[in-house]
Amino acid sequence: MPAPLLELQSLQKYFPVRSGALLRRKIGWVKAVDGVDFTINPGETLGLIGESGCGKTTTSKLILLQETPTAGAIRFDGEDVASLRGQDLMRYRREVQVVFQDPYSSLSPRMRVGNIIAEPLEIHTDLSRAALAERVAEVLELVGLQPDLARLFPHEFSGGQRQRIAIARALATHTRLIVLDEAVSALDVSIRAQIMNQLEELQQTLGVSYLFIGHDLATVAHISDRIAVMYLGQIVELADSLELCTKPLHPYARALFTAALPSHPDERHGRLTITGEVPSALNPPSGCRFHPRCPHAMPRCAIESPVRKEVAPQHSVACHLY
Amino acid sequence: MAELLRVSGLQTHYTSFGGSRVIKAVDKINFTLREGETIGLVGESGCGKTTTCLSVVGLLPPAARIVGGSIEFDGEELTRKSPREMRRIRGRRIAMILQDPMASLNPLFSIYTQVAEPAFYHQRVRGRSLRERVRQLLRAVRIPSPEVRMREYPHQMSGGMRQRVVGAIAMAGGPKLIIADEPTTNLDVTIQAQYLDVLKDIQQETGVALIFVTHNLGIVARMCDRMAVMYAGKIVEQGSVRDLFRGARHPYTRALLGSMPKLGSKEPLYAIAGQPPNLARLPPGCAFHPRCAHAMPRCREQEPTDRLITMDWTARCWLLDQPAQESYASATA
C-alpha cells in the first residue's frame, strides 16, 4: 500500500448564516461539509458523486485552498496543508490544479491559449521565454492539440477543444492531483468520450491523480477506481467502483443506482423507493441525515448518527443497517 | 394505433440577413408518430433537434423558415396554418416542455394562475371547476399538498418541482402531443428519475404522445418506443429503440452507443474522432464521412439515401448497399 497522496481527515466547513442588515446576528450554520474523510493514492482516480447541494464543490474548494476548513485537516504527501507557508505552499498550489465544468467561462477570452497555459508556469517556475513556449507546446501535444494553436484565442475553439486547453493548463506545472469538477458534464456525448479517454491516457503516462466530481453515475463509475457517495455534507459510502456498481449498500447509494438511466432498453429498472428532495443543509435532520427519506429507517436512525465503518475490505458504509 | 403526426420531407432553413448565406438546419427529414407513442430525437448539439420541434409547433425564430415538406398533425397540415390558427393548436393540442423551468415560468404569477391559464383559454373552464382542475393537474404531476403549492410563486419551488409545474401546464390544455426538449438536463439524478416516472404515468393515464429531444441515450432507453438519430440536419437512422440498441446499422448510431459509459463496465469508450460539422460548411457527400471509420471514396462524392432495413427501420449509409452483408459485418466488427 503506497502512502496516500491526499488525505482528508474529518474535514468540516460551516458557513455562518446571518440575519438582518445591521446587526448581522449569526442565526445558524450551513454545514456544507461535515466530517469528510477519504484518501487519494498516487495515480488513482477517486470519484465523488452526490446531488446538488451535498457539498461536493465545497470539498473541492477546501482542497484547492479557496476556503479554509472549520475543523479537520488536509494532508498532502503526509504534510498538513494548513501549516504550509511560503515555498511549500507554492509547491502545493503548483501540484494541485483544477478543471471546471464550463470551458466557456473558465478561459479568459482576452488571452491567447499559449498565454493561458503559460500563466501558471510564469508564476511557479523561472523558465525562460523559449522554455515556456516549449513547455506549452509539449502540454498541448499531450492533450491532442496542435502546438501551433497556441497563438489563437479561446473563441476560436469548440467546447471539447476548450476543455482540452483547460486540462493542458492544469497539467502544465507537473501537477500531481487534478480536481475535475464536473469537467465533462457540459460536453456532447462523442466529445465526452474523447475527453474521458484522454484523461485516462494521461493518467497512465503521467501518473497524475484525479478527484473526479460528477453527478452522472455511469460517467463517474467508468473513470474512477474508487467512488465516494456524498449526502448532505457527509460521505455515506466509499467503495471500489465496480463493487459499488454491483453491490451498493447504503440505502441512498442504492437509490442513486436505481435512479441511474439504463444503458439498454432491455435493462430492468426498479422503481425509485425514496421520495422527496435533499433537505436543506441549514437544518439537517437529526441522527442519520438520510432517515426522513430512507425506506429502512429505524427509531435509532433519528437519534444516533451512524459512523462510517468498513464492512468489506476497501468498502465502508455509514448506516445502522450494517 | 392511429397515426398522429407525419413529418415528411421537412426542410427548415436559417437565412442570414440579406439572404447571402443559407443554413440547412433541418434537411428533408421524415418521421411519424402514432397516438400514445414516444419517439426520441437524438443527436449532438447543433444537429437540428430543436429546430425540428420548433418547426412542428410553429415557434421558429424570424431568421428561420420552413421551405419545404409537410407536417401533418391529426389530419391537418400545420405548415399552411396562419399564426392565429397555430396559436389555437399550441397549448391545446400540442404542448411543449423546455429545458429550463425558470425561463418557462413567469416569476410574477402564482402557480395557480399559470396552470389555470391554458384550461381557462383552451377549455373554457371557469370558477370552482377551474380550481378543481388545477388541483387535479398538480396531483397528476405528484406535487405534494397542491392546495398550498398553487398559491406559491416559482421562486419558492425547487428545480424538480418547477419542472413538474411546467409539466402540469403542458397537460392543462389536454394535448395529444407533448414535445419535451431536454426536460431533465438541469435536474439531479433522483429528481430526474422521479420526473421521468411522472411523465410515464401521465402518458399511461392520458395516452398523450411524446417527442423526447435529448442527447442522453439512457433517457431514450428508458422512455422511448422509437428513436431517430439526427446528424447535421438529417435523420441518419430511425427505428425501434430495441432494434437500434441491439444492432444499429449506421456507423454514427453505433459510435454514439459506443461512446456511452455503462454502469459496472470499465471497457474503454469508443470516441468519435473530430467534432460535429459546421452546418454552414458541410462536407460534400455524406456529412458524417470525415469522422466515419468506414468511409469509402463513394461517401465523399454522393449523399446516401434512406435504406429500408425492416418495415419500421431505416438508415442512410452506403455500407448498406454493399453487395454482401458480410463485408459490412466485417467492416464494423
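All values reported here derive from a predicted model rather than from experimental measurement.

Asker: Please explain the confidence of the model for chain B as it appears in this structure.
Answerer: The predicted coordinates of low-pLDDT regions are not to be read in fine detail. Taken residue by residue, chain B gives an average pLDDT of 89. The fraction at 70 or more is 97%. In the model output, the complex is listed with pTM 0.87 alongside ipTM 0.82.

Asker: Any chance you could explain the packing of helix H3 (residues 113-124) of chain A against helix H4 (residues 129-142) of chain A here in plain terms?
Answerer: Working note: a packed helix pair is described by the angle between its axes plus the distance between those axes. Residue and element names in this part refer to chain A. Relative to each other, H3 and H4 sit at 115°, their axes nearing to 9 Å. Taken together, the axes of H3 and H4 are roughly perpendicular relative to one another. Once H3 is placed against H4, the crossing between them reads as right-handed. Across the interface between the two elements, Gly-114, Ile-117, Ala-118 and Leu-121 of H3 pack against Leu-132, Arg-135, Val-136 and Val-139 of H4. Class assignment for the residues of the contact of H3 with H4 results in six nonpolar, one polar and one charged.

Asker: For this particular structure, what's the right way to read the sheet that holds strand E12 (residues 313-315) of chain B?
Answerer: For sheets, the rule is that strands pair by backbone hydrogen bonds, running either parallel or antiparallel. Residue and element names in this part refer to chain B. What the eight strands build is an open sheet, ordered E6-E7-E8-E3-E9-E10-E12-E11; its pairing is mixed. Edge strands, defined here as strands with exactly one partner in the open sheet, are strand E6 (94-97) and strand E11 (307-310). Going from strand to strand, the sheet's axes swing by 20° on average, the running direction of each strand aside. In this sheet, strand E8 (residues 209-214) lies alongside strand E7 (residues 177-181) in parallel orientation, the contact comprising five bridges. In the sheet register, Ile-179 faces E8, and the bridge partner there is Ile-211. Relative to strand E9 (residues 226-231), helix H11 (residues 251-258) is tilted by about 105°, and along the sheet it contacts E9 and strand E10 (234-240).

Asker: Got a minute to help me understand the packing of H3(A) against helix H5 (residues 159-171) of chain A in this structure?
Answerer: All names here are of chain A. As a packed pair, H3 and H5 sit with axes 8 Å apart at the nearest point and diverge in direction by 30°. When the axes of H3 and H5 are compared, the pair comes out roughly parallel. Our pair here, H3 against H5, has a crossing hand that is right-handed. Where H3 abuts H5, its residues Val-113, Ile-116, Ile-117 and Pro-120 lie against Ile-165, Ala-168 and Arg-169. Across the contact of H3 with H5, the residue classes tally to six nonpolar, no polar and one charged.

Asker: Would you explain the nonpolar core in this entry?
Answerer: Note on soluble globular proteins: their nonpolar side chains tend to be buried together. With 192 residues, the main nonpolar core has Leu211(A), Val229(A), Leu256(A) and Val115(B) as its most contacted residues. Top contributing element to this core by residue count: helix H7 (residues 159-172) of chain B, with eight residues. When neighbours within four sequence positions are excluded, Val229(A) is seen to be in contact with Ile49(A), Gly50(A), Ile235(A), Val236(A), Glu237(A), His250(A), Tyr252(A), Ala253(A) and Leu256(A).

Asker: Teacher, can you tell me more about unusual backbone geometry here?
Answerer: Where the residue is not glycine, phi is negative for most of them; where a peptide bond is considered, it is trans in most cases. All names here are of chain A. For Ser-10, which is not glycine, the phi dihedral falls at a positive 30°. Checked against the element boundaries, Ser-10 lands in strand E1 (residues 6-19). Positive phi is not limited to glycine here, since Glu-182 has a value of about 55°. Considering the arrangement of structural elements, one finds Glu-182 in the loop between strand E7 (177-181) and helix H6 (189-206).

Asker: I tried to follow the sheet that holds strand E1 (residues 3-15) of chain B on my own but got confused; where do I start?
Answerer: Residue and element names in this part refer to chain B. In space, the four strands of this open sheet follow the order E2-E1-E4-E5, with antiparallel pairing throughout. The sheet terminates laterally at strand E2 (22-34) and strand E5 (76-77), the two strands that pair on one side only. Pairing of E1 with E2 involves ten bridges; the strand directions are antiparallel. By the bridge assignment, His-13 is partnered in E2 with Lys-24. Sheet strands in contact with helix H1 (residues 49-57) are E1, E2 and strand E4 (64-73), and its direction is about 70° off that of E2.

Asker: Looking at this model, I keep getting lost on H11(B). Mind explaining?
Answerer: Along an α-helix, residues three or four positions apart point the same way, because every turn accommodates 3.6 residues. Here H11(B) lies mainly inside the structure; six of its eight residues are buried. Taken together, the buried positions of H11(B) are Pro251(B), Tyr252(B), Thr253(B), Ala255(B), Leu256(B) and Leu257(B).

Asker: What's the story with the interface of chain B and chain A in this structure? I'm lost.
Answerer: When the parts come together, some accessible area is lost, and that loss is often what is quoted as the size of the interface. Each partner contributes to the interface: chain B provides 37 residues, whereas chain A provides 35 residues. Only helix H8 (189-206), helix H9 (217-223), helix H10 (241-247) and H11 of chain B provide two or more residues apiece to the side of chain B that touches chain A. Sorting elements by how many residues they give to the side of chain B that touches chain A places H8(B) first, with seven residues. The class makeup of the residues in the side of chain B that touches chain A is 18 nonpolar, twelve polar and seven charged.

So, how was this worked out
- Every chain is numbered on its own, with residues counted from 1 as its sequence reads.
- Chain letters start at A and ligand numbers start at 1, both assigned in the order the entries are written.
- Owing to the predicted nature of the model, reporting of local features is limited to residues with pLDDT of at least 70; listing and counting of side-chain atom pairs is limited to 80 or more, with chain, interface and lining totals taken over all residues.
- Values of pLDDT, which run from 0 to 100, indicate the predictor's confidence residue by residue.
- Fitted lines through C-alpha atoms give the axes, limited to the stretch in contact for helices. The angle between two N-to-C directions lies from 0 to 180 degrees.
- Each helix corresponds to a stretch of at least 4 residues labelled H or I by DSSP, and each strand to a stretch of at least 2 residues labelled E; elements are numbered beginning at the N terminus.
- Each angle receives one of four descriptions, namely roughly parallel if under 35 degrees, roughly antiparallel if over 145, roughly perpendicular if within 65 to 115, and oblique otherwise.
- Here is the rule for handedness: rotate from the far helix to the near one, and if that takes an anticlockwise turn smaller than a right angle the crossing is left-handed, while a clockwise turn gives right-handed.
- Think of it this way: build a C-beta for each residue from its backbone, and any pair within 7 Å is a contact.
- Three categories are distinguished: nonpolar for Ala, Val, Leu, Ile, Met, Phe, Trp, Tyr, Cys and Pro, charged for Asp, Glu, Lys and Arg, and polar for the others, with Gly belonging to the last.
- When DSSP finds two or more bridges between a pair of strands, those strands are recorded as paired.
- By our criterion, buried Ala, Val, Leu, Ile, Met, Phe, Trp, Tyr and Cys residues that link up through C-beta atoms within 7 Å make up a nonpolar core.
- Each residue is classed by its C-beta neighbour count within 10 Å, where at least 20 other C-beta atoms makes it buried, 12 or fewer makes it exposed, and intermediate counts make it partly exposed; the C-beta atoms are placed from backbone geometry.

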